[in-house]
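# Tertiary structure, described
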Amino acid sequence: MRQKLSAELGSRLDTQWIQEWLPKIKVCYYTLDQIPVALLKATVFDGEKWNNTPIADSPAYLYLAGKEEIYRKNIAVRQKKLDNNIHSVEKYERLLASLEAGCRNDFLIIVNQDMVIVDGMHRAAWWGYTYGMDALIPVVKIFL
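In this report, the structure presented in the accompanying data block is examined. (Residues numbered from 1 in each chain as written. Predicted model: local features only at pLDDT ≥ 70, side-chain atom pairs only at ≥ 80, totals over all residues. Heavy atoms only, no water.)

Taking strand neighbours across the sheet as the criterion, the 4 strands line up as S1-S6-S4-S5 in an open arrangement whose pairing is mixed. The sheet terminates laterally at strand S1 (29-36) and strand S5 (117-119), the two strands that pair on one side only. Averaged over neighbouring strand pairs, the angle between their axes works out to 40° when direction is ignored. (Pairing = 2+ DSSP bridges. Helix = DSSP H or I, 4+ residues; strand = E, 2+ residues; numbered from the N terminus. Axes fitted to C-alpha atoms, helices over the stretch in contact; angles between N-to-C directions.)

This is the structure:
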């Protein structure tokens, strides 16, 4: 099923996610859907554990809403406590610039059966901030 997902939707999925994370999970099946952004949950690291939180309460969304310090503090915690942290303020700013320029807008957000974002939290936060939390966002829902 992983190969089918990659073959059918690979051009609309993040390459790094396909290469690094897809091989580590067992996908039983998947569906394409459009759901309101407000239904999405982000996983947020608090320094000790990962917590599922509504996307509107995520540091990525709050950054866009003018609460940049919350995102900066979250990034600092991640950089200090996680060996595999790939996020930074600078990387997020570059992503935002590319989204505003119309690049990567066709990428799909990947969610699990509980609407927790598996990949694409920053893009989903931008989508909700830009189009509103009731706006429909295209997702791949994977069932593990």
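On to the pairing of strand S4 (residues 109-112), then. Residue alternation in S4 divides its side chains into two sets, Ile109 and Val111 and Ile110 and Asn112, and both sets are buried. Here S4 pairs with strand S6 (residues 136-143) via 4 bridges, running parallel. When the sheet's bridge partners are listed, asparagine 112 is paired in S6 with isoleucine 142. As paired elements, S4 and S5 share 2 bridges and run antiparallel to each other. (Buried < 20%, exposed > 50% of the residue type's maximum accessible area, 1.4 Å probe, protein only.)

Turning to the environment of leucine 96, a few remarks are in order. Along the chain, leucine 96 turns up in helix H5 (residues 89-100). Setting aside residues no more than four positions away along its own chain, leucine 96 makes contact with Tyr63, Leu64 and Trp126. (Contact = heavy atoms within 4.5 Å.)

What follows is about unusual backbone geometry. Backbone phi values are negative for most residues with the exception of glycine, while trans is the configuration of most peptide bonds. The backbone phi angle of methionine 115 is positive, close to 70°, even though this residue is not glycine. Checked against the element boundaries, methionine 115 lands in the loop between S4 and S5.

Before going further, it helps to spend a moment on the pattern of salt bridges. The tally for this structure, following the rule as stated, stands at 4 salt bridges. A salt bridge links glutamate 48 to lysine 81; the nearest nitrogen and oxygen atoms lie 3.5 Å apart. Of the two residues, glutamate 48 sits in the loop between strand S2 (41-45) and strand S3 (50-54) while lysine 81 sits in helix H4 (residues 68-81), which places them 33 residues apart along the sequence. A relative accessible area of 45% means that lysine 81 is categorised as partly exposed. Among the ionic pairs, arginine 72 bridges to glutamate 68, the shortest N-O distance being 3.6 Å. In this pair, arginine 72 and glutamate 68 both sit in helix H4, 4 residues apart, roughly one turn of the helix. Given a relative accessible area of 35%, arginine 72 falls into the partly exposed group. (Salt bridge = Lys/Arg side-chain N within 4 Å of Asp/Glu carboxyl O.)

All quantities given are derived from atomic positions and should not be read as evidence of function.
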